[in-house]
Amino acid sequence: MTDLTHPAETDLALYAGGDLPWFRQWRTERHVHRCSRCQQSAAEYSELRATPSVVSGLNWNRMASEMKANIRLGLAAGECVGGRLAPRNVVSGSRLILAGGLLSALVAVGAWISRPNLHPVATSRITSGTVLEASESGIQVRGMRQTLRIMTPATTRNVVYTVGAQSELQARSLDPATGNVAIVHVYGE
Amino acid sequence: MFMANKLLLLSVLCVSVICAQEGPLDPNSSIQFNLPPNSPVSMMSASYGDSRATVLGGARVLELQISLTLRNQDPKRIRAITVLISAQESAPGGRASYSVPTLDVRAGETFPLKIDVQLIRPVQSASGPLVQVSLDGVLFEGLQFFGPNKLNSRRTMTFWEMQNQRDRAYLKQVLSTKGAVALQQEMLASFNRQTERPGLDVQVNRGARAVGRAAARPEHLTSFAFLNVPSAPVELIDGWADISGNEARDARIHLDNRSRRAVKYVEVGWIVKDSAGREFLAGSLPSAESDMYLPPGQRGEMLQDTTLKFSQGRNKPVAIASMTGFVSQVEFADGGGWVPTREALGNSHLGKLLSPSPEEQRLTDLYKKKGLAALLQDLNRN
């Protein structure tokens, strides 16, 4: 539910550095795991942090411009997909009481637990009750009592999913860290 | 009544949040690594990053970020590796594998494996390691294999490696005969194929024929058309499936072994064409693991008691107008294998529908990120 809105760019930047308060960090992480665009943004912020702060010949003005442009691009992209997403909650008038906030967070947690992913792209349902599902964030096998999900690399795009007629799902992606292809299978039987 | 329900909901949620706990994970008790005796790889290090466990009501959510460094202890080069990840091996709902099919690891060299696993299970579960990571197989140069092979990873990795060798040899040939510019064009064409490849969502219902089938309306048997793939050791003779709207059931295909070697496994690629004439690679039909043994010159049959439902997006069923099958993999009883040649793929429209080999995907990405010089360096290594 609440996971359908994207975190603010500032939150993503703070998240990348582990500087958010624990609950916002946790919630943002949940979202980032499912949203390729925010994964990309967070990865870029992480890379920026990893860059040495003292670099000779660095054009700071240009860098600032590029960062602004990136943020604008991200916000524009967010607006593009906004039609599919719930509108961001804007609190006006009296502030929400603490219980209300708590309730929203709990509903988010409940929704997160009850729904396995946001955008299933392939599903295999086995008569035993086992369900195989692929989403943008990973590939999973869901049984009666437990769910096992293997995540695709965080900054990966263009994941190729294949369904085998013998109850298996395959996700193939490139690991950006090594450049190697990683292939994940989940099995229904 | 409505107010009472809201209060009840609020109470339940408040109890849940009180029960929610988060904490670091003890990797020693949570994760177990199993390397078989005489394993050709040894573990140099294992780290767990931000692995954590959260208890939410009656569920425990485990997020495991496993980074392994393995060393090749064998004199031969490693080409691929598969590890089995199991949460509860004896029951459905807990088995997966992680493979890297594009390795080139010499003797004594190390290589990383990074596996992110999320496991949701009841708090009241059996004791013992929550997740087990086991070596299922290692494929060396020359298609030699080591491992328990519980997941048939030998066959899977062998086919990947055959495709890899085919495409790597093809690209090296393009480079040597036509030059770097032609190689660049090949890379761009491959990249375009990968991005333009039409996607199709497939839902598989296994064994869906049992209940209510007798009462169902008459099915529409639709014959497969077959693409002749040159040099294929088996020939697809005839076949059909029950088609109803966007569903295909119980595919059945007859095939002849026209090679001189006994065949133990065949995989048939399945192309679906919709009413608008668009074609999609719908998946693959593998022969049953245990049933197939086809001596030279003999005829066999492949059956799948599954229902495949095709759609684009979540609510756009793809009505099946026609189906085409082609031989995509063959394994012989003597352990050898066959995959279509590059020429066969290029001369048909299969190249546009099939996903690239792992090696072609890796090289395309290398070219895209690091340019022609890096690609040439990679292709020129021994």
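Residues numbered from 1 in each chain as written. Chains lettered and ligands numbered in written order. Predicted model: local features only at pLDDT ≥ 70, side-chain atom pairs only at ≥ 80, totals over all residues.

*Asks:* Would you mind showing me how to read the overall build of chain B here?
*Replies:* Broken down by element type, chain B carries seven helices and 20 strands. For chain B, the proportion of its 382 residues judged to be buried stands at 36%. Taking contacts inside chain B between residues at least 6 apart in sequence as the whole, the part at least 24 apart equals 69%. (Helix = DSSP H or I, 4+ residues; strand = E, 2+ residues; numbered from the N terminus. Buried ≥ 20, exposed ≤ 12 C-beta atoms within 10 Å, placed from the backbone. Contact = placed C-beta atoms within 7 Å.)

*Asks:* Whenever I open this one, the overall build of chain A confuses me. Can you help?
*Replies:* Looking only at helices and strands, chain A features five helices and seven strands. In sequence order, the secondary structure elements of chain A are arranged as α-α-α-α-α-β-β-β-β-β-β-β. Buried residues in chain A amount to 38% of all 189 residues. Summarising the internal contacts of chain A: among those between residues at least 6 apart in sequence, 49% fall at separations of at least 24.

*Asks:* How do you make sense of unusual backbone geometry when you look at a structure like this?
*Replies:* A negative phi angle characterises most non-glycine residues, just as the trans form characterises most peptide bonds. Of note, the phi angle at Leu-143 of chain B is positive, near 60°, even though the residue is not glycine. Residue Leu-143 of chain B is classed as partly exposed on the basis of its C-beta count, with 16 C-beta atoms lying within 10 Å.

*Asks:* In this structure, what is going on with the pairing of strand S13 (residues 234–244) of chain B? I would like to understand it.
*Replies:* Looking along a regular strand, one sees side chains alternate from face to face of the sheet. Residue and element names in this part refer to chain B. The pairing of strand S12 (residues 220–226) with S13 spans four bridges and is classified as antiparallel. What sits directly across from His-220, in S13, is Ile-243. In this structure, S13 lies alongside strand S14 (residues 247–257), joined through nine bridges in antiparallel fashion. Each residue of the ladder has a partner; that of Asp-238, found in S14, is His-254. Between S13 and the antiparallel strand that follows it, S14, lie two residues; Gly-245 among them carries a positive phi value of about 65°. (Pairing = 2+ DSSP bridges.)

*Asks:* Is there a simple way to explain the packing of helix H4 (residues 180–196) of chain B against helix H7 (residues 358–380) of chain B in this structure?
*Replies:* Any two packed helices are characterised by the angle at which their axes cross and by the distance between the axes. Residues and elements named next belong to chain B. It is at 10 Å that the axes of H4 and H7 come closest, and there the two elements cross at 145°. When the axes of H4 and H7 are compared, the crossing they make is left-handed. Contacts between H4 and H7 involve Ala-180, Gln-184, Met-187, Ser-190, Phe-191 and Gln-194 from the first element and Glu-360, Thr-364, Tyr-367, Lys-368, Leu-372, Leu-375 and Leu-376 from the second. Split into classes, the residues belonging to the contact of H4 with H7 amount to seven nonpolar, four polar and two charged. (Axes fitted to C-alpha atoms, helices over the stretch in contact; angles between N-to-C directions. Left-handed = near helix turned anticlockwise from the far one by under 90°. Nonpolar A, V, L, I, M, F, W, Y, C, P; charged D, E, K, R; others polar.)

*Asks:* Quick question: what am I supposed to make of the packing of helix H3 (residues 153–178) of chain B against H4 of chain B here?
*Replies:* With their axes 7 Å apart at the nearest point, H3 of chain B and H4 of chain B run at an angle of 145° to one another. Here Leu-171, Val-174, Leu-175 and Lys-178 of chain B of H3 of chain B come into contact with H4 of chain B, specifically with Ala-180, Ala-182, Leu-183 and Glu-186 of chain B.

*Asks:* Just to check I follow, could you spell out the environment of Gln-203 of chain B for this structure?
*Replies:* Residue and element names in this part refer to chain B. Mapped onto the secondary structure, Gln-203 falls in strand S11 (residues 201–206). With 19 C-beta atoms packed within 10 Å, Gln-203 lands in the partly exposed category. Through-space distance from the C-alpha of Gln-203 to that of Lys-309 is 5.0 Å; in sequence the pair is 106 residues apart.

*Asks:* How should I be thinking about H7 of chain B in this particular structure?
*Replies:* Each turn of an α-helix holds 3.6 residues, which means side chains three or four residues apart point in the same direction. Taking 1.5 Å of rise per residue, 23 residues should cover 33 Å, yet H7 of chain B covers just 18 Å from first to last C-alpha, more than 12% shy of that figure. Where H7 of chain B is concerned, the buried positions are Pro-358, Glu-359, Glu-360, Gln-361, Arg-362, Leu-363, Thr-364, Asp-365, Tyr-367 and Leu-375 of chain B. Among the structural elements, strand S6 (168–174) and strand S7 (181–187) of chain A together with H3 and H4 of chain B are those in contact with the buried residues of H7 of chain B. (Expected span 1.5 Å × (residues − 1).)

*Asks:* Explanation requested: the confidence of the model for chain A in the structure shown.
*Replies:* Do not read the fine detail of predicted coordinates wherever pLDDT is low. Residue and element names in this part refer to chain A. The share of residues in chain A with pLDDT of 70 or more is 38%, and the mean pLDDT across the chain is 63. Of all the helices and strands in chain A, helix H4 (residues 60–80) carries the lowest mean pLDDT, 48, while helix H2 (residues 22–34) carries the highest, 85. When the criterion is pLDDT under 50, residues 51–63 qualifies, and its contacts beyond four places in sequence or with other chains add up to one contact. (pLDDT = per-residue confidence, 0-100.)

*Asks:* Looking at this model, I keep getting lost on the pairing of strand S18 (residues 306–311) of chain B. Mind explaining?
*Replies:* Residues and elements named next belong to chain B. By the criterion of burial, S18 is predominantly enclosed, with five of the six residues buried. Judged from the three bridges that link them, S14 and S18 form a sheet pairing that is antiparallel. Following the sheet pairing, Ala-248 is matched in S18 by Leu-308.

*Asks:* Could you clarify how one ought to interpret the confidence of the model for chain B in this entry?
*Replies:* Residue and element names in this part refer to chain B. Within chain B, residue pLDDT values average 83, and 84% of them lie at 70 or more. Here helix H1 (residues 2–19) stands out as the least confident element of chain B, with mean pLDDT 52; strand S10 (residues 145–146) is the most confident, with 96. Counting contacts from residues 208–218, a segment whose pLDDT is below 50, to residues more than four positions away or on other chains yields five contacts. Among the prediction metrics, the complex's ipTM stands at 0.82, with pTM recorded as 0.71.

*Asks:* Sorry, what's going on with the environment of Glu-331 of chain B here?
*Replies:* All names here are of chain B. Looking at the secondary structure, you find Glu-331 in strand S19 (residues 320–332). C-beta crowding within 10 Å serves as the criterion here: with 21 such atoms nearby, Glu-331 is assigned to the buried category. For Glu-331 and Asp-201, which are 130 residues apart along the polypeptide, the C-alpha to C-alpha distance reads 28 Å. With sequence-adjacent residues up to four places away left out, Glu-331 is seen in contact with Arg-155, Lys-264, Tyr-265 and Gly-337.

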